[in-house]
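# Architecture and fold: a report
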Amino acid sequence: MSETAKLILHGQEIDLPVITGSENEKAIDISKLRSTTGYITLDPGFKNTGSTQSAITYLDGENGILRYRGYSIEELAENATFLEVAYLLIYGDLPNTEELAYFDESITHHTLVHENMKRFFDAFPQGAHPMGMLSSMIASLSTFYPESQASNRSVTDIEKTIHRLIAKLPTLAAQAYKHNKGLPVMYPRNDQSYCGNFLQMMFGLPTEDYEVNEVVERALNKLLILHADHEQNCSTATVRVVGSSQANLYSSVSAGIAALWGPLHGGANQAVIEMLETIRRDGGGLEKWIDKAKDKNDSFRLMGFGHRVYKNFDPRATIIKVAADEVLEALGVNDPILDIAKELEQVALNDEYFIQRGLYPNVDFYSGIIYRALGIPTDMFTVMFALGRLPGWIGQWKEMTEQSEPIGRPRQVYTGSTSRPYVSLTERG
Ligand code: ACO
């Protein structure tokens, strides 16, 4: 017999179906509650609300488990390429040799962007935040590929849109960087890997040959995999909600980039480095900063600490911490910020305030340190996150579309004025 939950409202018993996930997680289905009782449920920030049933990513925040389509993040980060993981997230299984070759080839041959887009970059002020440029550029891709907009778009149209997005995001990200540097744009190269091509577009110059450093390429591959999906987080939920109105994939991803930008989400990687820099410049001990973070009258938070779902440890942070040590050593970089980060982590992990609230370093705490070592400027960190998260956004958008999910439209409890008559301006004085 299927499991049900009982809700008692004004003495009346209402049976609510219980949904069980493949890892035995439980949910109470309240989708018919309003039509049967007139009640809605209230959950600001969706802290306890499941918005979908998804087969993409499994996350167990209590035990620090993260799996993409059943594969552990640890194994994928160690063994896979980013394009394999992208394929896995979007299509459901790891590709075989032929599938991967086709996917790789198609991505490689869609990396150029329309030359007119250069004029958009020209119009941005020097120093424009690259996330603002990226979000605009991705939305504008829909104007170059109108077949992505049609509500009766074919499977082939969707496939092309997916491949174009994965291919063009690195090109546009590198162009945003070059724009701010005032340096010439480097065109994509078909003889490079996905990560190698991105690095040469970022750091190559027309005046010299650019050789991709293998340590850097491997580190980038790992970082992108670690960021590739994280179930219904703020930006992914945004992509699904925007897409649920049947908006095209470019616009949905552009909205996801905007959501990612905020410092409470992907923007935290930039905020972490800025915080560590401030602590370093301040020169005092860490206690002052820990006390500020604990003080409810102070808006300061330890950036890179805490997570809506992980209350024990973030498995991505564990992998990144080890990778940060390896990359810095291999590149011979000595970054005093890393020492401050490690010290801060230790102080916070032993403090009752952080222990009680389950606040641990998240993925953003150490990723910025690696990006710095790779020569990526601070305001590009969240762009790096977007590069990684793209296949997750695409896979989630595709799943939402294939499941024909209804338009995302929450309800509310109204707390404003009750009905009142209009008062003319003369009477209002
Ligand atoms: N520093 C100090 N206190 C914190 C922090 C922090 N970084 N994070 C949470 N807390 C405290 C809160 O003040 C609250 O305390 P209280 O119970 O005494 O009121 C308690 O811990 C619970 O925090 P909430 O904000 O309710 O938790 P929520 O799940 O809403 O927020 C979030 C999660 C946004 C990640 C939060 O921990 C935070 O702001 N962290 C810093 C920003 C950050 O690193 N964001 C990146 C997250 S990972 C990602 O998006 C890729």
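A few points on the structure. Each chain has its residues counted from 1, running along the sequence as written. Reporting in this predicted model follows two pLDDT cut-offs: at least 70 for local features of residues, and 80 or more for side-chain atom pairs to be given and counted; totals over whole chains, interfaces and linings ignore these cut-offs and use all residues. The side-chain values count all of the structure's non-hydrogen atoms but skip hydrogen atoms and water molecules.

Summarising the element assignment, isoleucine 320 is placed in helix H14 (residues 315-331). To sort residues, take the accessible area from a 1.4 Å probe on protein chains only and compare it with the maximum for the residue type: under 20% means buried, over 50% means exposed, and anything in between is partly exposed. Here isoleucine 320 falls in the buried class, since its relative accessible area comes to 0%. Taking C-alpha positions, isoleucine 320 is 9.9 Å from glycine 368, a pair spaced 48 residues apart along the chain. Every residue pair with non-hydrogen atoms within 4.5 Å of one another is taken to be in contact. Sequence-distant contacts of isoleucine 320, that is, excluding residues within four places in its chain, are made with Leu223, Leu226, His227, Val363, Tyr366, Ser367 and Ile370. For helices the rule is a DSSP run of H or I covering at least 4 residues; for strands it is a run of E covering at least 2, with both sets numbered from the N terminus onward.

Before going further, it helps to spend a moment on the pattern of salt bridges. Salt bridges are counted wherever a side-chain nitrogen of Lys or Arg sits within 4 Å of a carboxyl oxygen of Asp or Glu. The full count for this structure, using the stated rule, is 21 salt bridges. Linking aspartate 325 and lysine 342 is a salt bridge whose minimum nitrogen-to-oxygen distance equals 2.8 Å. With aspartate 325 in helix H14 and lysine 342 in helix H15 (residues 336-349), this residue pair connects regions lying 17 residues apart in the sequence. A relative accessible area of 33% places aspartate 325 in the partly exposed class.

So, about the sheet that holds strand S5 (residues 65-68). A pair of strands is labelled paired if DSSP reports no fewer than 2 bridges between them. Pairing in this open sheet of three strands is antiparallel, and the strands run S4-S5-S6 from one edge to the other. Two strands in the sheet have a free side with no partner beyond their single neighbour: strand S4 (57-60) and strand S6 (71-72). Here two bridges tie S5 to S6, and the two strands are oriented antiparallel to one another. Bridging across to S6, tyrosine 68 finds its partner in tyrosine 71.

This paragraph deals with the pairing of strand S1 (residues 4-9). Bridge analysis of S1 against strand S2 (residues 12-20) gives six bridges, and the strand direction is antiparallel. Note that in S2 the partner of threonine 4 across the bridge is proline 17. The turn linking S1 back onto S2 is made up of two residues, and histidine 10 within it adopts a positive phi angle of 50°.

Now for the packing of aromatic side chains. Any pair of Phe, Tyr and Trp rings, taking the six-membered ring for Trp, is counted once the centres come within 6.5 Å. Such a pair is stacked with planes under 30 degrees apart, edge-to-face with planes over 60 apart, and tilted for the rest. Here the structure, examined in full by the defined rule, presents 14 aromatic pairs. Ring centres 5.1 Å apart and planes at 70° place the aromatic pair tyrosine 353 and phenylalanine 354 in the edge-to-face group. Here tyrosine 353 matches phenylalanine 354 in class, with each residue buried. Taken together through their ring pairs, the aromatic side chains of Phe305, Tyr353, Phe354, Phe365 and Tyr366 make up a single cluster.

For the rest of this paragraph, the subject is the sheet that holds strand S3 (residues 26-28). With antiparallel pairing, three strands are arranged side by side in an open sheet as S1-S2-S3. This sheet does not close on itself; its edge strands, each paired only once, are S1 and S3. Between one strand axis and the next, the sheet turns through 30° on average, direction left out of account. A fitted line through C-alpha atoms serves as each axis, taken over the contacting stretch for helices, and the angle formed by two N-to-C directions is quoted from 0 to 180°.

Attention shifts here to the site of the ligand. Around the ligand, 22 residues are found, and the nearest of them are His265, Arg301, Leu302, Gly304 and Arg308. Within the backbone of phenylalanine 305, one N or O atom sits 2.9 Å away from a nitrogen atom of the ligand. In isolation the ligand offers 920 Å² of accessible surface; the protein chains occlude 78% of this area. Residue polarity is assigned by list, with Asp, Glu, Lys and Arg as charged and Ala, Val, Leu, Ile, Met, Phe, Trp, Tyr, Cys and Pro as nonpolar; anything else, Gly included, falls into the polar class. For the shell around the ligand, the residue count by class is eleven nonpolar, five polar and six charged. Here a residue is near a molecule or strand as soon as one of its heavy atoms is found within 4 Å of it. Polar contact criterion, stated in full: a pair of N or O atoms within 3.5 Å, where within protein one must be able to donate a hydrogen and the other to accept it, and residues adjacent in sequence count only if both atoms are side-chain atoms. Here, Shrake-Rupley sampling with a 1.4 Å probe gives the accessible areas, and only protein chains in the shown set may cover a residue.

Worth remembering: the numbers are spatial, not functional.
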